[in-house]
Amino acid sequence: MTPTNLRLRNREGVPNEMTATTNRKKKKSIVREYAEIIVLAVALALFVRTFFIQAFRIPSESMEDTLLVGDFLFANKFIYGAKLPLVGWRLPEMRAPKPGDIIIFKYPGDKKTDYIKRCVAVEGQTVELNGRRLYVDGVLQDEYFTKYVLGDSYGRQFGPYVVPEGHVFMMGDNRDNSADSRAWGPLDKDLIMGKAMFIYFSWNPSSHTVRFSRIGDIIR
C-alpha cells in the first residue's frame, strides 16, 4: 500500500506550510520596506548636509560673547556655493563672503579642523588693528560685538595689511583669546564651508544646564 502524503491544515483549511510561506514573505516585505525608508532618510540627510545645511558645535571661547562654548548651530552651505565631495568642485554661490559674516571654515593649518570666525575684510581691502580700534581701508569699524579680556596695555597692533586675491581676513570676536588671521594669515576662500545661521541648542558645560534663552537666536 502506497503511503499517502498528509498536510496539516489550519482552522481555515489552508495548509500550514503555505501559511508559513506567506508569513515569511510578509516579514521580508516589512523588513525591505523599513530598509528602503532608512536608506532614503540617510541619503536625504547626506544630501541636505552636503549642499544646504550642516550642524556645528562651538568648542572654544574665541567667539564670545556672540557664540558661547556649548552652542549648537546650523550653517548655510548653499550661500557661498557648496563644495562637492571627492571632486572638490563648488556649486555657484548666491553671494560672496562679506565683512560681518560669521563663517565656518577648515583651519588652514591642517585643512581638517572646523573653525568659526568673523570676516572683517575681503580681498583687496586693507586691515589695520590699533589697540581696540579696527580700520578697514582707513575707516574705523563699529564693532559693538567684540570682547577684550586683557588690559589696555596689552599690545594689539596689526597691519596695515592688504588682503590678497581669493582670500578673506578672519578674526574672533573675543579678540584677546582668538587664533585667527592675525596668527595664520588670510583665509583661502576655497576652505570656506558655510555661513552661521542660528543656534538650535545651547548647553552650559559649567553648570550642566540648558541655556533656553539662546535657542533660536539668529547669529549676527
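Structure shown above.
My aim in this report is to walk through the structure given alongside it, one point at a time.

Thresholds, definitions, all that
- Residues numbered from 1 in each chain as written.
- Predicted model: local features only at pLDDT ≥ 70, side-chain atom pairs only at ≥ 80, totals over all residues.
- Heavy atoms only, no water.
- Core = buried A, V, L, I, M, F, W, Y, C linked by side-chain atoms within 4.5 Å.
- Buried < 20%, exposed > 50% of the residue type's maximum accessible area, 1.4 Å probe, protein only.
- Helix = DSSP H or I, 4+ residues; strand = E, 2+ residues; numbered from the N terminus.
- Contact = heavy atoms within 4.5 Å.
- Salt bridge = Lys/Arg side-chain N within 4 Å of Asp/Glu carboxyl O.
- Phe/Tyr/Trp six-rings, centres within 6.5 Å; stacked < 30°, edge-to-face > 60°.
- Lys NZ or Arg CZ within 6 Å of the ring centre and 35° of its normal.

Overview of the nonpolar core
- Ranked by internal contacts, the top residues of the largest apolar core, which has 13 residues, are L67, L73, I102, I104, I116, A196 and I219.
- Of all the elements in the fold, those that place two or more residues in this core are β2 (71-76), β3 (102-106) and β11 (192-204).
- Counting residues per element, this core draws most heavily on β11, at three residues.
- Residues within four places of I116 in sequence aside, it is in contact with I58, S62, M63, L67, L73, I102, I103, I104, F105 and A196.
- Core analysis: the next-biggest nonpolar cluster, separate from the first, contains twelve residues, I79, Y80, V168 and W184 among them.

Observations concerning the environment of I53
- One can find I53 in strand β1 (residues 53-57).
- Classification of I53 by relative accessible area gives partly exposed; the value is 36%.
- With 24 residues separating them along the chain, I53 and K77 place their C-alpha atoms 5.7 Å apart.

Comments concerning the pattern of salt bridges
- For the structure shown, the criterion picks out twelve salt bridges.
- Residue E64 pairs with K147 through a salt bridge whose shortest N-O separation is 2.8 Å. In this pair, E64 sits in the loop between β1 and β2 while K147 sits in the loop between β7 (139-140) and β8 (157-162), placing the two residues 83 residues apart along the sequence.
- The residue D190 makes a salt bridge to K83 at a minimum N-O spacing of 3.0 Å.

Here's the deal with unusual backbone geometry
- Between E64 and D65 the backbone carries a cis peptide bond, its omega angle lying at 0 degrees.
- Residue position: D65 is located in the loop between β1 and β2.
- Cis geometry marks the peptide bond from G159 to P160; its omega dihedral reads 5 degrees.
- With a phi angle near 60 degrees, K111 is a residue other than glycine that sits in the positive phi range.
- Position of K111 relative to the elements: it lies in the loop between β3 and β4 (114-122).
- Relative accessible area serves as the criterion here: at 57%, K111 is assigned to the exposed category.
- The phi torsion at D137 lies on the positive side, around 55 degrees, for a residue other than glycine.
- Mapped onto the fold, D137 is located in the loop between β6 (133-136) and β7.

Examining the packing of aromatic side chains
- For the structure on display, the rule yields twelve aromatic pairs.
- Arranged with centres 5.2 Å apart and planes meeting at 75 degrees, the rings of Y144 and F145 form a pair that is edge-to-face.
- Taken together, the aromatic side chains of F72, F74, F198, Y200 and F201 make up a single cluster linked through ring pairs.
- Geometry around F145 places R118 over its ring, the cationic atom sitting 3.7 Å from the centre.

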